Amino acid sequence: MADNINTVNHRWIREAFDHVEFAIDATCGGGNDTVFLAALATEVLALDIQAEAVTKTRKKAAAFPNITVVQADHAELTRWTDHPAEIIVFNFGYLPHSCSPMITTPKTTLPALDAARSLLKPDGLLSLACYRGHAGGMEEWQAIVSWIEQLDSSWSVRTYTDGRPQAPILYHLRRMEINPFSTKKES
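Computed from a predicted model, the values in this text were never measured in an experiment.

(A) Seen up close, the overall build of the protein chain. Broken down by element type, the protein chain carries 6 helices and 7 strands. When the helices and strands of the protein chain are read in sequence order from the N terminus, they spell out α-β-α-β-α-β-α-β-α-β-α-β-β. Accessible surface, the protein chain as shown: approximately 9300 Å² in total, 53% of it carbon and sulfur.

In structure tokens, the structure reads:
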């Protein structure tokens, strides 16, 4: 059986980084990525436009003093920080286990990706989990793919999906020259 996209995402992040100063969970949802990042980062900023998501994340993150959670649109990322980040995580789609019909859309996702690119440190990582199986999911995924395709050659792209039709797709994007998926020092 193929690995869950979140398991792969966390494994790949751990393979690339032992520790970072600042990480952003730009669509915190239920807080799983936020808490994962808190174990890796000195400081984590988590945001979500939905009050339900912010409440869930705050509850899950209560034991972590290095997490700041705000209710905000991911397209307004630079309104909340101008601090360069080593890792910025997005989950595009919907809030799992919610009655809310709200989904992410290209209208806000593309500006959010541009904002994230402007905040990312050299050798930093953009993690994009794209959920395509809901109404609007394929349209958003296609817009994200077009955004990725316009990146210059200094970016490396690593992709994972389990191969099922409309399965989620994970993209790890890094802007660097050498060994794009490891910043760990060799001993």
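Having seen the model, we can carry on.
(B) Looking closely at the layout of surface pockets. Taken as a whole, the second largest pocket holds about 180 Å³ of empty space. Along its surface, the second largest pocket is lined by 11 residues, and D3, N4, I5, D162 and R164 are the ones closest to its centre. Residue composition of the lining of the second largest pocket, by class: 6 nonpolar, 2 polar and 3 charged.

(C) Examining the pattern of salt bridges more closely. In total, this model carries 7 salt bridges according to the counting rule given. Two residues, K121 and E86, come together in a salt bridge whose shortest N-O distance is 3.2 Å. Here the residue K121 occupies a position in strand β5 (residues 120–130), and E86 occupies one in strand β4 (residues 85–92), the gap between them amounting to 35 residues.

(D) How the structure looks around the sheet that holds β5. Judged by pairing direction, the sheet is mixed, and its 7 strands sit side by side in the order β3-β2-β1-β4-β5-β7-β6 without closing on themselves. Either end of the sheet is taken by a strand with one partner, and the two such strands are β3 (67–71) and β6 (155–160). The sheet shows a mean angle of 15 degrees between the axes of neighbouring strands, taken without regard to direction. Inspection of the sheet shows β5 paired to strand β7 (residues 169–175) by 6 bridges, in the antiparallel sense. Considered in β7, the bridge of C130 is made with I169. Strands in contact with helix α3 (residues 51–60) are β2 (41–48) and β3; relative to β3, the strand with the most contacts, it is inclined by about 165 degrees. Contacts from helix α5 (residues 106–119) reach β1 (20–25), β4, β5, β6 and β7 within the one sheet, and its direction differs from that of β4 by about 165 degrees.

Definitions and limits used
- Residues numbered from 1 in each chain as written.
- Predicted model: local features only at pLDDT ≥ 70, side-chain atom pairs only at ≥ 80, totals over all residues.
- Heavy atoms only, no water.
- Helix = DSSP H or I, 4+ residues; strand = E, 2+ residues; numbered from the N terminus.
- Areas by Shrake-Rupley, 256 points an atom, 1.4 Å probe, with all protein chains shown as cover.
- 1 Å grid on protein atoms, 1.4 Å probe; cavity = no way out; pocket = protein on both sides within 12 Å on 5 of 7 lines; lining within 4 Å.
- Points joined across faces, edges and corners; volume = space filled by probe spheres on them.
- Nonpolar A, V, L, I, M, F, W, Y, C, P; charged D, E, K, R; others polar.
- Salt bridge = Lys/Arg side-chain N within 4 Å of Asp/Glu carboxyl O.
- Pairing = 2+ DSSP bridges.
- Axes fitted to C-alpha atoms, helices over the stretch in contact; angles between N-to-C directions.
- Contact = heavy atoms within 4.5 Å.

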